[in-house]
Every structure is written in C-alpha cells, then in structure tokens.
Amino acid sequence: MLIYDIVIIGGGPAGLAAALAAKEKGIEQILILERDCELGGILNQCIHSGFGLHIFEEELTGPEYALRYIEKIEAFKIEYRLNTMVVDICADKRVTTMSQADGMCVLQAKAIVLAMGCRERPRGTLHIPGFRPAGIYSAGTAQKLVNMNGFMPGKEVVILGSGDIGLIMARRMTLEGAKVKVVAELMAKSGGLQRNIVQCLEDYGIPLRLQTTVVEIHGKEHITGVTLACVDEAGRVIDSTREYVSCDTLLLSVGLIPENELSLKMGVKLDMRTNGPVLNDKYETNISGVFACGNVHHVHDLVDDVSKEAEKAGTYAAMYVKGGA
Amino acid sequence: MYDVIVIGAGISGSTTARELSRYQLKICVVEKAEDVCCGTSKANSGIVHAGYDARAGSLMAKLNVQGNQMMEAASKELDFPFERIGSLVICCAKADIPVLQRLYAQGKANGVQGLEILGKEAVMAMEPNITAEVVAALYAPTAGIVCPFTMNIAYAENAFENGVEFRFHTEVKKIQKVEDLFEIETTKGLLQAKCVVNAAGVYADRIHHMLSAEPMRITPRRGEYLLLDKTAGAHVSKTIFALPGKFGKGVLVTPTTHGNLLVGPTAVDIIDKEGTDTTAEGLARLRKQGGDHVRNIPMEKVITSFAGLRAHEDGHEFMIAAAKDCENLIDCGGIASPGLSSAPAIGKMVAEIVVEKLSPRFNTQFYGRRKGILSPARLSYADRDTLIRENPMYSNIVCRCEMISEGEVVDAIRRSLGATTLDGIKRRVRVGSGRCQAGFCTPKTMEILSRELGVRMEEIKKSGSDAQMILGKNKEWL
C-alpha cells in the first residue's frame, strides 16, 4: 500500500493552497486527489474577473487565478491524480480511490486535508410548488453549460437568489444573448458583493427585486413562467402581490452547502449551522490529523479567503506530520 | 394487425404485457409518453401493502394479498429492489383502538399473515422515533417497499425481450370496432387489434367510453410527497402509517429501497388529469402532518418534492373485467393504491381474461428472467477493479451523490427499451436523484446521451417532446 504524508481531497483552490503550504513546510510526500479532469475546481468555469485582488493585488479571472497555483504545483512537482474519485475514507486515514488509470486503489495517509468544496442548494429545499419541468437550473450548473460547453439554457431568464453566482450569471446570460427579466431576492438585502450588484445588474439594467420570491413554477414539460410575489418582514407571501412572469429559464442561486459526505463517512463531527466540520484553532477536525479548509469548512465569499485559510490548514497539517514523525 | 394492443406502459400495462408474452400472441403496448413508467407508476409511495386496508371480499383485497405474496419471487426473477420491511399503523388515542381492531379483522379475513396489535412499549422498541403519544399499533410484517421505477421497467423489458412491441409518443385518439376488429387511431397512425387492454391509468375512463357505455369514472387524486436525503433514511425502519381516513391511508413515513426517507402522500381530488404540480398547501401540510405520528423528521434534509395522481374510481375498486357491451375490450381501470402492490397479480388476471378470449398457444421461447443494470457499488473492491480494467467507463463517476458511473448510464441507454431522456436515465440508474438534484451531473449526462443516441445537445430532453434542456448556443440570439 502506498503511504503519503498528506493526502488532500480536492484539487480546487483550497486543496492547491493547502498542498503548496505543506510543501513549503518541507513535506515531501503529498498527494492531491481530484475527481475532475483538471486541477482548479470550480474556478475553471468562473471566466469572469474579480479574483485575486487581495492575494495578488490584481484582478484575475477564475482560470487565471487557478493557474497561478497550478504552475507552482507543477514547479514543486507535487503529485496529483486527476479523474480520481474517493469512494471510501476511514478514520484511520486509509483512502480508497477509483480511477481508470489505477482501478481501485488504497492509500494510507499520515494526515488528510479535506478540501471538497461545496454544492448548490437545489430547488427541492425551497418548497416552491408547481411542476418539475426542464429549464430550471442551479446557477452553477448553467454556468458550466454556458462557459464550458457553450450552450444556452434559454432566452428569457428569471433568476431567484442574488448571491454572487446568481449575479454573475445574470450578466453572463445577457452577454451571451439572453434577456434576464428579473433577479428576485427573498431577503431585504442582496447576499452578493456590492461590486457585483453594480457591475452585473445595474450596468445592464437588470431589475433586482428584494423581498420577492418565486411562489409557483408553470409549465409541465418545459418551464413557461413563474409567479413572483413579495414577502413581508416575517417571510410570509403577500398574496395580493402575485405576478406572473413568462420565462423559459429559471436559475436558482439560493445558497451553497459544504460537501461533507466523505467527512461524515470517516466520522468527522459537523457543525449543524454551517454544515461544515467543527474545527479547532489548527483547522483540525475531531479526528487527529484530519484537517479541513475552504468551502467544505464554511462557504466563503472570496476565493482569496479560501486560499488564505487553506494555507494555514496545510501548514498545520505539515506540522502534524513532522511532530508525529 | 395485432392480437392484443395494451394501452399504457405503466405498471399495469407492463405486467399485463409480460404475462401475455408467455403466449403466442402479437402484442403491442402503446404509450403516449416517451418512456415506460411516466404516469401514476412513477410518482407513488413505492409501498407493497400487506393487504388489510381493502374491504374484505373486494377484488382489491384479493389482488393486494396475491400481489404481495408474488412480489418476492417476481423481484428475484426480474431483478428489481424489494424489501419486506413491515409496516405499522399508529394509533394515538384509546378511543381509536377499535379502528385498529377492525383493520386487524379485515386483514385476517383478506388472508394477511402475521398481523399483530402491539402496545406502546413494543412499538417504541421497534421504532424509537414514533410519537410518544402512541397507544397501540397494527404491525404487518409482510408489508414491504419496492422501487416502482425499476419494477415497471423490469416487467416492460422482459415483455420486450419476449417479443412484445412498444410504441412511444403514441396517444390513442379514437377507437372503433369494425366487425371483430378494433381500429385504433393514434397520433402515430392507425393500428388494428383483435383485443384491447385498457391500462390507461387516469385516462382509463376516457378509453373505456370510446367503446363502452357502462359507467366508469376515474378521478385523479393528487398525492404530494417530500423526499429526504439518505442521511435521514434510517429515521424509521418500517413504513409508518397514520390511521386511515376518508381519503385513504393518510400520510406515511417510510424508508425507500434506495435509503431515502419519503413523507406523503396528501390526497386531494382534482379535475386535471395532468395535474402533477405540487401546491403550497400540500407541501406545508406534509411538513406538519408527517410529524403527527413520527417525531423529529429532519425536514431540513428534504431534497425534492413531487406529486402523482392516483386513478381513483368512484367505488374505490379495481375495474378489471371484460366489458359487457364490447367484446374483447378488457378494462384494467381504477388502479389506485394498492395498485403497485397488486401489480404482479393484476397482470396475471388481465392476461388470463385475454387468454380465455383468444385461446392462444404457449410461447415455448418465453424466458422469464431479466438481469438488471450492473451496480459496481455492490461489488467487492477486487471485482470492481477487474470490471474497471475490462470497461473503464465504470471508473468515471457521473452522479457524485449516488455514485453512479458512466458504465451504468450507458447500460441504461443501450439496453432494451433504453432511456432516451434525462428522466429516463434517472429512473433507471438514479443519476440526478441524489442530494444535489442533478446540479453536477446534468452536463455530463447530456453529453453521454448526445453521444450514445447520436443527437445534438439541443435535442436532449428532460422528459417529453417539449422538455429541451438547452435552447441554443452562446451568442446565437445576439
């Protein structure tokens, strides 16, 4: 069985920064496991700029930001495996992976850094009544289809949720030729960055309606429209404000959930509020030598903050390995 | 010209077609949707009822108990998930105990084995999450759960393998009897048959009235459901019912064969036979009522909600018979709950009526076994390793939540009556049915469908003809 000092689960911004930090602390045997076909994680589909202002003091696109780290990973000859899925992970830090190249493979780690990122909240968690037609996408899925595959979900778009992905997608859909009719936000204030509200909505004349939500989805096979309505301070729908808006696409940007299924499998304790692992001041979980960072810990607004957190987690993981050696 | 045309590729039509394929008959199943299992059969509780609910002496009672008894053998022969997990009917008031006793007596009369009325302590020991207000419960050890999609698909696949034709996107518009033959006008042209089996679900009354004057009325009874993540799947270990009411068996809480937790259904009679939309009231009621007999359901773990329509007949009875005023029209209507539980017996009964009419010879080539889609997750790591080396597609995970590989998706598409849509893949191999609800896998699944079917991405559908996933290319409309 192969033994590594540190196995990092996930080759997105958190995993890359953790790996580099550990390497800089002198750890030799590091392995990054990535299920996708390239390193960089979700940054690869974030082709807009605005990344790296804090760390690089430059405005980079997502792929550019990722590349800065990937180039260092290559320069330091840190080992990584792509198209590799972790299928099991135990509290004794044994990791079972699956890939075409290596089949089923068991690795032993001295320390593990969990860096699996997060997923989008799906429609089902919102209890929006109506049909379940085609044309409803979480914003990130639509972003992948548009930015990576070059396909448009539709022409007339309603976006629910004004988190940053929703705002970014409002602009992207507009630039690619769709009409974004409205961005509806349940809360009294957008959850997105102010600069995104200005640059993604206001610059394109896209209305942002606060304290407004989708209360019904129309269309049996393909979405034909939504009913919007205002909500009061307590979040109750005000029926007199119901309004039908025709559309062929509904994008949902209603929050992100840390992806901790592997963490749970190995017995890591989660914080029920953040859905992320409970960590000590060394970014270590309840299992000694198992660390977590980035959006798997809690959802960050800025990738720069993910990288900073992951550097610390990687450093502590390195110290753990050295101390234990 | 066909010997038999079966209208509807839901569970009743599919079990009927499969039982009929034991004979030398030219059979065709016509279905208005794009796939099998697209109506009532795809949106229900997935419960195999023990058989104590239906009135003693009714056809429903008889077929429920028979179907339940046949289910295990059928699940092995046709390779679909079935587990006999047992059920409890929870009674929370002393005054209602006679209701439990009536159910018990009715079950006995129907021939249900192993029924027991349990006291509070025994119930709590069995299911710690039952409400503390429970005073007694009816325990039915023969009740179970089944995967309704796989069961329907399995019967249809086996029918197909034994020579039954299936025509999709084929809606019956009009039927006439010309001498001894039925002329069936469909959206895909005219078909002829000696015998028609009406297994049209909520539309069975419309089909029936194209040929018969005998009364039949099917009301769509909407049932809404909440589906919870697998991390909530062990909240109960059996199917937990409330005491039955006027609109049926009430809201139940059950694990599914795939390890999720299901809460539902509501029961509201509606007019629209396509009204599978969920409602704000229904979803709110489930969040509240689910908790009436089961404590602390983690509603924050709901991953999706859906609604299905039961084909409720006015007398709440299965209408399985040859029409009296139209020779060789066999109705299979009113197949509401416990229709899924009864399905193996329904198929057998309908086939027997047809056989009596047409007196066909046995199909000596009939082969009753069907092998399901290989699930690598159930293999040992060593076997999985061998499989990946033989076919690398099994190493490429498409659906992260359910851990479904490209190999499984391709099998779902390439096999008999294979999937042609995202929903078809979902019902066959669960891609997109997990906690992210198709967020990550959608683009990948679309690419595989496009490649395997040899169609452009713009032609990929979620379900029926109008359900395109994408409407154009970037900048196409600028």
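Residues numbered from 1 in each chain as written. Chains lettered and ligands numbered in written order. Predicted model: local features only at pLDDT ≥ 70, side-chain atom pairs only at ≥ 80, totals over all residues. Heavy atoms only, no water.

Caption draft 1: Structural view of the overall build of chain A. Within chain A, the regular secondary structure consists of seven helices and 20 strands. Taken over C-alpha atoms, the radius of gyration comes to 21 Å for chain A, in line with the 20 Å a tight globule of 325 residues would show. If one aligns the C-alpha atoms of chain A with their principal axes, the spans along those axes are about 70 × 40 × 35 Å. A burial count over chain A gives 59% of its 325 residues as buried. Sequence-distant contacts in chain A: of pairs separated by 6 or more residues, those separated by 24 or more amount to 60%. (Helix = DSSP H or I, 4+ residues; strand = E, 2+ residues; numbered from the N terminus. Rg over C-alpha atoms; globule rule 2.2 N^0.38 Å. Buried < 20%, exposed > 50% of the residue type's maximum accessible area, 1.4 Å probe, protein only. Contact = heavy atoms within 4.5 Å.)

Caption draft 2: Looking closely at the pattern of salt bridges. All names here are of chain B. For the structure shown, the criterion picks out 54 salt bridges over all chains. As a salt-bridge pair, Glu165 and Arg167 come within 3.5 Å of each other at their nearest N and O atoms. Judged by its relative accessible area of 28%, Arg167 is partly exposed. One salt bridge connects Lys473 with Glu458, and the closest N-O pair in it is separated by 3.1 Å. (Salt bridge = Lys/Arg side-chain N within 4 Å of Asp/Glu carboxyl O.)

Caption draft 3: Up close: the interface of chain A and chain B. Listed as interface residues are 51 residues of chain A and, on the opposing side, 57 residues of chain B. Taking both partners together, chain A and chain B bury about 4400 Å²; carbon and sulfur atoms supply 59% of that area. The salt bridge involving Lys475(B) is made with Glu176(A); its shortest N-O contact spans 3.0 Å. Where chain A meets chain B, there are 23 residue pairs in polar contact (both at pLDDT 80 or more). Per-element tally for the side of chain A that touches chain B: the top contributor is helix α3 (residues 139–149) of chain A, with five residues. (Buried area = accessible area lost by both parts, 1.4 Å probe. Polar contact = N/O pair within 3.5 Å; in protein donor to acceptor, adjacent residues only side chain to side chain.)

Caption draft 4: The arrangement of helix α7 (residues 280–293) of chain B in detail. Residue Leu286(B) marks the point of greatest curvature in α7(B), where the axis turns by about 30°. Packing partners of the buried residues in α7(B) comprise β5 (87–91), β13 (218–228), β14 (239–241), β15 (252–255), β16 (261–264) and β18 (302–313) of chain B. (Bend = angle between axes of the 7 residues up to and from the residue.)

Caption draft 5: Spotlight on the environment of Ile85(B). All names here are of chain B. As for its position among the elements, Ile85 is in the loop between β4 (82–83) and β5. Along the primary structure Ile85 and Thr142 are separated by 57 residues, whereas in three dimensions their C-alpha atoms are 7.5 Å apart. Non-local contacts of Ile85, meaning those with residues more than four positions away in its chain, are made with Ala143, Gly144, Ile145, Ser237, Lys238, Thr239, Thr254 and Pro255.

Caption draft 6: Quick look at the sheet that holds strand β16 (residues 225–230) of chain A. Residue and element names in this part refer to chain A. The three strands are arranged β15-β16-β17 in an open sheet whose pairing can be described as antiparallel. Edge positions in the sheet fall to β15 (212–218) and β17 (243–246), since each has one partner strand and no second. Ignoring which end each strand starts from, the neighbouring axes of this sheet average 30° apart. Alignment of β16 against β17, held across four bridges, turns out to be antiparallel. In the strand pairing of β17, Gly225 is matched with Ser246. (Pairing = 2+ DSSP bridges. Axes fitted to C-alpha atoms, helices over the stretch in contact; angles between N-to-C directions.)

Caption draft 7: Broad picture of the nonpolar core. Counting 47 residues, the largest nonpolar core has Met173(A), Val409(B), Val431(B) and Met446(B) as the members making the most contacts within it. If we skip the residues at most four places from it in the chain, Met173(A) touches Val146(A), Met152(A), Pro153(A), Gly154(A), Val157(A), Ala178(A), Val180(A) and Leu251(A). (Core = buried A, V, L, I, M, F, W, Y, C linked by side-chain atoms within 4.5 Å.)

Caption draft 8: Representation of the domain arrangement of chain B in the model. All names here are of chain B. With domains assigned, chain B is organised as domain 1 (2–41 + 149–218 + 316–358), domain 2 (84–144 + 219–313) and domain 3 (376–459). Computed over C-alpha atoms, the centres of domain 1 and domain 2 are 30 Å apart. Opposite the 17 residues of domain 1 that make contact, domain 2 presents 10 residues. Both sides together, the interface formed by domain 1 and domain 2 hides about 1200 Å², and carbon and sulfur atoms give 50% of it. If you sort the residues of domain 1 by the area they bury against domain 2, Val202, Ile218 and His316 come out on top, with a joint share of 38%. Here domain 1 and domain 2 share two salt bridges between them. Residue Glu274 is joined to Lys32 by a salt bridge in which the shortest nitrogen-to-oxygen separation is 3.2 Å. There are eight residue pairs in polar contact (both at pLDDT 80 or more) connecting domain 1 and domain 2. For the side of domain 1 that touches domain 2, a count of residues per class yields seven nonpolar, five polar and five charged. (Domains from an automatic or database assignment. Nonpolar A, V, L, I, M, F, W, Y, C, P; charged D, E, K, R; others polar.)

Caption draft 9: Broad picture of the packing of aromatic side chains. Residues and elements named next belong to chain B. The final tally for this structure, using the stated rule, is nine aromatic pairs over all chains. When the ring of Phe80 is compared with that of Tyr155, the centres are 6.3 Å apart and the planes differ by 40°; the resulting orientation is tilted. Of the two residues, Phe80 sits in the loop between α2 (59–78) and β4 while Tyr155 sits in helix α5 (residues 148–161), which places them 75 residues apart along the sequence. This pair shows no difference in class: Phe80 is buried, exactly as Tyr155 is. Each ring, one from Phe166 and one from Phe168, has its centre 6.2 Å from the other, and the planes form 25°; the classification is stacked. Given a relative accessible area of 12%, Phe166 falls into the buried group. Here the guanidinium or amino end of Lys273 rests over the ring plane of Tyr203, the centre of that ring lying 5.9 Å away. Sitting over the ring of Phe440, Arg400 keeps its end group 3.7 Å from the ring centre. (Phe/Tyr/Trp six-rings, centres within 6.5 Å; stacked < 30°, edge-to-face > 60°. Lys NZ or Arg CZ within 6 Å of the ring centre and 35° of its normal.)

Caption draft 10: Local environment of the domain arrangement of chain A. Residue and element names in this part refer to chain A. In terms of domain boundaries, chain A breaks down into domain 1 (2–119 + 256–322) and domain 2 (122–252). Relative to domain 2, the C-alpha centre of domain 1 lies at a distance of 31 Å. With 10 residues of domain 1 at the contact, the number on the domain 2 side is 11 residues. Across the domain 1-domain 2 interface, the total number found is zero salt bridges. Run the count over domain 1 and domain 2 and you get four residue pairs in polar contact (both at pLDDT 80 or more). Of the residues in the side of domain 1 that touches domain 2, the class split is five nonpolar, four polar and one charged.

Caption draft 11: Region of interest: unusual backbone geometry. All names here are of chain B. Cis geometry is adopted by the peptide bond preceding Pro265, which originates at Gly264 and carries an omega value of 0°. Of note, Pro265 is situated in the loop between β16 and β17 (268–269). Ser337 connects to Pro338 through a cis peptide bond whose omega is 10°. Examined against the element boundaries, Pro338 turns out to sit in the loop between β20 (329–333) and α8 (339–358). The phi angle at His169 is positive, at roughly 50°, despite the residue not being glycine. Position of His169 relative to the elements: it lies in the loop between β9 (165–167) and β10 (172–178).

Caption draft 12: Quick look at the sheet that holds strand β12 (residues 156–160) of chain A. Residue and element names in this part refer to chain A. Strands sit in the order β10-β18-β12-β13-β14 across an open sheet of five strands; the sheet is parallel. Every interior strand has two partners, whereas the edge strands, β10 (136–138) and β14 (208–210), have only one. Across the sheet, the mean angle separating the axes of adjacent strands is 20° when strand polarity is ignored. Where β10 lies against strand β18 (residues 249–252), three bridges are found, and the strand directions are parallel. Note on β18: the bridge partner recorded for Ser138 is Leu252.

Caption draft 13: Summary view of the packing of helix α1 (residues 11–20) of chain B against α5(B). Residues and elements named next belong to chain B. Orientation of α1 relative to α5, taken along the N-to-C sense of each, is 30°, at an axis distance of 8 Å. With respect to α5, the element α1 is oriented roughly parallel. Crossing handedness for the pair α1 and α5: left-handed. Facing α1, whose interface residues are Ile11, Ser14, Thr15, Ala17, Arg18 and Glu19, α5 presents Met151, Asn152, Tyr155, Ala156, Asn158 and Ala159. In terms of residue class, the contact of α1 with α5 is built from six nonpolar, four polar and two charged. (Parallel < 35°, antiparallel > 145°, perpendicular 65-115°, else oblique. Left-handed = near helix turned anticlockwise from the far one by under 90°.)

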